[in-house]
Every structure is written in C-alpha cells, then in structure tokens.
Amino acid sequence: MDPSAALYNQLKEAQPFFVLAGPNVIESEEHIFYMAKHIKAVTTKLGLPLVFKSSFDKANRTSSKSFRGPGLAEGLKILEKVKVAYDLPIVTDVHESSQCEAVGKVADIIQIPAFLCRQTDLLVAAAKTGKIINIKKGQFCASSVMANSAEKVRLAGNQNVMVCERGTMFGYNDLIVDPRNFEWLREANCPIVADVTHALQQPAGKKLEGGGVASGGLRELIPCVARTAVAVGVDGLFMEVHNDPLKAPVDGPTQWPLRHLEELLEELVGIARVTKGKQQYKIDLTPFHE
C-alpha cells in the first residue's frame, strides 16, 4: 500500500483519536528535537498516534517585523532530521503552490492554512504530491465550504484529505468555536480534526507598547474547547505545544504548556472513551405511545 494511504488509514482508525502536535514554528534544531522527544514520550505512553507539527515559515504574521521561522530550505532540513531521529510522521503548512513539491518530499501531511482554504491552485498543487492534505476551515467560512475544498483535492487525484475546525470570527478580535461545526464538517466525508489552540486566538487583539498590535489568546480555555471536541467525537486533535510559552516567538498566548500535555491528553482520552460522539442518533419521529 502507498505510504500516504497507509498513514491515512491508520489515522482514520485511531482510537480514540490521533494527535497533530508541536511548537508553532521552528525556532532552532535543538528546540525541535527537544519538543519532539517529549511530545512523543507522552503520546506513546497514552497510546495515541502522533504526527509532529512545526512550521518553517509563518507567512501571515500580524507584523512584517515579526519572527517567521528559518524558511523553506533550512526548515525542511530540520524537519527531515527530526522525522528520521524519532521515527515520526511530519505535518507542516504551505502558503504558495511553488512550495508543495519540496514540502511533499519531507512532510507526510501538508496543511493548508485557514486563510487559504479556498485557493484552488494551492489545493491542487498540494494534492498532486500524493501526501495527506489537512485543510483548515477559514475563520470566515461556513462549514459547508469545506466539503468543496476537500472535493478539490479528490478531483486532483488524491483521496487522502482531512478538514480541520479552528474557530469562526466573532467580531473583529475574537473567535468562537461552534460545536455544531464538528457535526456539519462530516459532510466533507473525511476525518475531522479540531485545532484546539488556534481556536482560542484573538487576532490582532493585543496592543503593544510603542504602538502596533499582535495576536492575543485565551490559553486557559484550551481544555474547554478540547473537551468539547472529543465529546462530540472528532477524529483528531491539533495542538500547538511549547515548553516555555511566555517566550515563544509566535502565538505564545495559544500554545499549550508542555508540562501539562500528558495531564490534558489523559483526561481527553477518558472523555473520548465514554462518549458516543461518533455515533449519530437515528431519530424516530413517529408518535410515542405507552
């Protein structure tokens, strides 16, 4: 079986769910190795399939002065090293069609950022790598849009596609997670992932000393959103995790502390094992009589 199809089937069949996790952006090779080692130890202990995540470039930072990462060439070298060293599949995101071929040679899952979820050329270029494609739902999109995005990948010849809920714009500087989307996204006929960290962002919601803004976040509510997602019965969880969130150069307010990762995942496994969230009720509307 094709390696991408084999991994895709493994993730679809994961019980109770799989995990995509890692620091938001590559800060250094040393840091990536440190995070991969510790996150893998936690997920292995709990029996959860892990795909390690980090970005080589954050192309949509609030400010052009913000840290973006090491870039495509250096970033992929680091991700390939950690992939081999820890025998881990890798997920990373692309922003342009021209990046897909190179990223597909290293990553096992190519992630489409939320802002780009409708970009046909990008979806097709990613699909043609043959790798699993994880499409994040745009903050501006109804869940029904994602069925079309997933179909673009399939029509390009790639059946290995997933869609990811990461919140919906609620005013100018806030996001809200509508649990109904976890059900409605199933219309895309593929695994459903919940991004439980980006969903708590407050885009451009934090004023900086000296002027300007940055994204804030509600880290303390990450467990709330994660509990909801597994209770509803998502197939996978996306989490950005950091050993020192207060010093993280990107999205620090919505990265989950590494020290609490095992504690949270253990609780979520417990919830997922008792819920019937993946089973839909067959509602009988015929009159009830004693």
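Since the model is a prediction, treat every value here as computed from it, not as a measurement. (Residues numbered from 1 in each chain as written. Predicted model: local features only at pLDDT ≥ 70, side-chain atom pairs only at ≥ 80, totals over all residues. Heavy atoms only, no water.)

Peer 1: Looking at this model, I keep getting lost on the overall build of the chain. Mind explaining?
Peer 2: Within the chain one finds nine helices and 13 strands. Taken over the C-alpha trace, the chain has a radius of gyration of 18 Å; the compact-globule value for 290 residues is 19 Å, and the two agree within 12%. Across its three principal directions, the C-alpha atoms of the chain cover 70 × 45 × 40 Å. Taken across its 290 residues, the chain has 52% of its residues classed as buried. Taking as baseline every contact in the chain between residues at least 6 positions apart, the subset at least 24 positions apart corresponds to 70%. As presented, the chain carries roughly 13,900 Å² of accessible surface, and 52% of it is formed by carbon and sulfur atoms. Charge separation in the chain, taken as the distance between the mean sites of 33 positive and 33 negative side-chain charges, equals 2 Å. (Helix = DSSP H or I, 4+ residues; strand = E, 2+ residues; numbered from the N terminus. Rg over C-alpha atoms; globule rule 2.2 N^0.38 Å. Buried < 20%, exposed > 50% of the residue type's maximum accessible area, 1.4 Å probe, protein only. Contact = heavy atoms within 4.5 Å. Areas by Shrake-Rupley, 256 points an atom, 1.4 Å probe, with all protein chains shown as cover. Lys, Arg positive; Asp, Glu negative; His and termini not counted. Charge placed at Lys NZ, Arg CZ, Asp CG, Glu CD.)

Peer 1: I'm lost on the packing of helix α2 (residues 29–46) against helix α9 (residues 261–274) in this one. Help?
Peer 2: Helix-helix packing: each pair is described by the crossing angle between the helix axes and the interaxial distance. As a packed pair, α2 and α9 sit with axes 10 Å apart at the nearest point and diverge in direction by 30°. Between α2 and α9, the interaxial angle falls into the category roughly parallel. The two elements α2 and α9 meet at a crossing, and its hand is right-handed. Contacts between α2 and α9 pair I39, V42, T43, K45 and L46 from the former with L261, E262, L265 and E266 from the latter. (Axes fitted to C-alpha atoms, helices over the stretch in contact; angles between N-to-C directions. Parallel < 35°, antiparallel > 145°, perpendicular 65-115°, else oblique. Left-handed = near helix turned anticlockwise from the far one by under 90°.)

Peer 1: Which parts of the structure should I look at to understand the side chain of N158?
Peer 2: Within the secondary structure layout, N158 lies in the loop between α6 (145–155) and β6 (161–165). A polar atom in the side chain of N158 sits 2.8 Å from the backbone nitrogen of N160. When near neighbours in sequence (up to four residues on either side) are disregarded, N158 contacts A127, G130, K131, I133 and V153. (Polar contact = N/O pair within 3.5 Å; in protein donor to acceptor, adjacent residues only side chain to side chain.)

Peer 1: Can you walk me through helix α5 (residues 120–127) in this structure?
Peer 2: Since the α-helix packs 3.6 residues into each turn, any two residues three or four apart lie on the same face. Residues L122, L123, A126 and A127 constitute the buried set of α5. Looking straight down α5, one finds its buried side chains confined to an arc of 130°; they lie on one side. Packed against the buried residues of α5 are α4 (100–104), β4 (109–112), β5 (132–136) and α6. (Arc of directions from axis to C-beta.)

Peer 1: Help me understand the nonpolar core in this model?
Peer 2: The nonpolar side chains of soluble globular proteins are, as a tendency, buried together. In this structure, F17, I39, F52, I135, L237, L261 and L265 are the most contacted members of the largest nonpolar core, which totals 82 residues. For F52, the residues in contact, after removing those within four places along its chain, are A21, G22, P23, I32, M35, A36, I39, V82, L88, P89, I90 and V91. (Core = buried A, V, L, I, M, F, W, Y, C linked by side-chain atoms within 4.5 Å.)

Peer 1: Even after reading the chapter, I still don't get the packing of helix α8 (residues 222–232) against α9, so can you show me in this structure?
Peer 2: Interaxial distance between α8 and α9 falls to 8 Å at its minimum, and their mutual angle equals 30°. The angle between α8 and α9 places the two elements in the roughly parallel class. Relative to α9, α8 is oriented so that their crossing is right-handed. Two secondary-structure elements touch here, α8 through I222, P223, A226, R227, V230 and A231 and α9 through L264, E267, L268, I271 and A272. Of the residues assigned to the contact of α8 with α9, the class counts are nine nonpolar, no polar and two charged. (Nonpolar A, V, L, I, M, F, W, Y, C, P; charged D, E, K, R; others polar.)

Peer 1: How should the pairing of strand β9 (residues 192–195) be read in this particular structure?
Peer 2: A regular strand carries its side chains on alternate faces of the sheet. Burial of β9 is two-sided: the residues I192 and A194 facing one way and the residues V193 and D195 facing the other way are all buried. When β6 meets β9, the two strands line up parallel, connected through three bridges. In the sheet register, V163 faces β9, and the bridge partner there is I192. Of the strand pairs in this sheet, β9 and strand β12 (residues 236–242) are connected by three bridges, and their pairing is parallel. (Pairing = 2+ DSSP bridges.)

Peer 1: I would appreciate a short explanation of the environment of F17 in the present structure.
Peer 2: Of note, F17 is situated in the loop between α1 (3–12) and β1 (18–22). Residues F17 and D244, 227 residues apart in the sequence, show an inter-C-alpha distance of 26 Å. Not counting chain neighbours up to four residues away, the residues in contact with F17 comprise L48, P49, V230, V234, D235, G236, L237, L265, L268, V269 and A272.

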